[in-house]
Amino acid sequence: MSPSPETSVPTVDELEAQERRLVFRRFTNDDAWALGSLLVELARERGAPVAVDIHRAGQQLFHAALPDSTPDNDAWIARKRRVVERYGSASYLVGSRFRAKGTTFEESSRLDPDTYAAHGGSFPITVADVGVVGAVTVSGLPQVEDHRLVVEALERFLGE
């Protein structure tokens, strides 16, 4: 019996397909508020103890810390977001690419693990014909669940 979609780990190809699909026509401050609010709503429905963050061009546009989240979640957000900013790809995808090569981000990236974390939960905000302009990040759940929560919110927001 194969694992259910909820418990299976997405492949590099599946993660890359998500990035190609989840693209904005534009991304405004109001969009950040609406997307962040949607993420908070989804997290509250699940009782998820997460922090949510949206950055664009170096500016924090949205941040929320739900009950039972901690300051450590904010530190994880910053580390995961820096991976998106540096690589232009989802933090989970970056880590998955290293794992697919038989290594880890921590072993092979040569980046400070106190500054960068290629763990799931940060996804690029990509604008068509522009490129990556920011990141939407969740921290507080196991990394694949952080990633899935962000992807679900993006799919809903973009009408996928």
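Report follows, based on the coordinates. (Residues numbered from 1 in each chain as written. Predicted model: local features only at pLDDT ≥ 70, side-chain atom pairs only at ≥ 80, totals over all residues. Heavy atoms only, no water.)

### Details of the nonpolar core
Right, on to step 1. If you look at the biggest cluster of nonpolar residues, it comprises 33 residues, and the most contacted ones within it are Phe-27, Leu-35, Ile-54, Phe-123, Val-136 and Leu-154.
Right, on to step 2. Looking at this core, the elements that each hand over two or more residues are α2 (29–46), β1 (51–56), β2 (59–65), α4 (91–100), β3 (122–127), β4 (131–139) and α6 (143–158).
Right, on to step 3. In terms of residue count, α2 provides more of this core than any other element does, 7 residues in total.
Right, on to step 4. Once you skip the residues sitting within four places of it in the chain, Leu-35 turns out to touch Phe-24, Phe-27, Ile-54, Val-136, Ala-153, Leu-154 and Phe-157. (Core = buried A, V, L, I, M, F, W, Y, C linked by side-chain atoms within 4.5 Å. Buried < 20%, exposed > 50% of the residue type's maximum accessible area, 1.4 Å probe, protein only. Helix = DSSP H or I, 4+ residues; strand = E, 2+ residues; numbered from the N terminus. Contact = heavy atoms within 4.5 Å.)

### Concerning the sheet that holds β4
Right, on to step 1. Here 4 strands make up an open sheet; going across it, the order is β2-β1-β4-β3 and the pairing antiparallel. What marks the edges here is a single partner per strand, and that holds for β2 and β3. Strand-to-strand, the axes of this sheet are offset by a mean angle of 15°, without reference to chain direction.
Right, on to step 2. Of the pairings in the sheet, the one linking β3 to β4 comprises 6 bridges and is antiparallel in character. Each residue of the ladder has a partner; that of Ile-125, found in β4, is Gly-134.
Right, on to step 3. Packed on one face of the sheet, helix α3 (residues 71–87) meets β1, β2, β3 and β4 and runs near 155° to β4. (Pairing = 2+ DSSP bridges. Axes fitted to C-alpha atoms, helices over the stretch in contact; angles between N-to-C directions.)

### Some points on the pattern of salt bridges
Where charged atoms from two side chains of opposite charge approach closely, those side chains can pair.
Right, on to step 1. With the rule as written, the count across this model stands at 7 salt bridges.
Right, on to step 2. Between Glu-155 and Arg-21 there is a salt bridge, and its shortest N-O distance comes to 3.0 Å. Of this pair, Glu-155 sits in helix α6 while Arg-21 sits in helix α1 (residues 12–21), and the two are 134 residues apart along the sequence.
Right, on to step 3. Classification of Glu-155 as partly exposed rests on a relative accessible area of 24%.
Right, on to step 4. Given the relative accessible area of 35%, Arg-21 is considered partly exposed. (Salt bridge = Lys/Arg side-chain N within 4 Å of Asp/Glu carboxyl O.)

### A word on the packing of α3 against α4
Right, on to step 1. Viewed as axis vectors pointing N to C, α3 and α4 meet at an angle of 75°, and their least axial separation amounts to 8 Å. Between α3 and α4, the interaxial angle falls into the category roughly perpendicular. Across from Lys-80, Val-83, Val-84 and Tyr-87 in α3, the residues of α4 making contact are Ser-91, Val-94 and Phe-98. (Parallel < 35°, antiparallel > 145°, perpendicular 65-115°, else oblique.)

### Remarks on the pairing of β2
Right, on to step 1. Of the strand pairs in this sheet, β1 and β2 are connected by 6 bridges, and their pairing is antiparallel. In the strand pairing of β2, Asp-53 is matched with His-63.
Right, on to step 2. Hairpin connection between β1 and β2: a loop of 2 residues separates the two successive antiparallel strands, and Ala-57 in this loop has a positive phi of roughly 50°.

### What about the packing of α1 against α4?
Right, on to step 1. Direction vectors running N to C along α1 and α4 enclose 155°, while the axes themselves pass 10 Å from each other. On the basis of the axis angle, α1 is roughly antiparallel to α4. Between α1 and α4 lies a crossing of left-handed hand. In contact with Val-12, Leu-15, Glu-16 and Glu-19 of α1, α4 contributes Tyr-92, Leu-93, Ser-96, Arg-97 and Ala-100.
Right, on to step 2. Looking at the contact of α1 with α4, its residues break down into 5 nonpolar, 1 polar and 3 charged. (Left-handed = near helix turned anticlockwise from the far one by under 90°. Nonpolar A, V, L, I, M, F, W, Y, C, P; charged D, E, K, R; others polar.)

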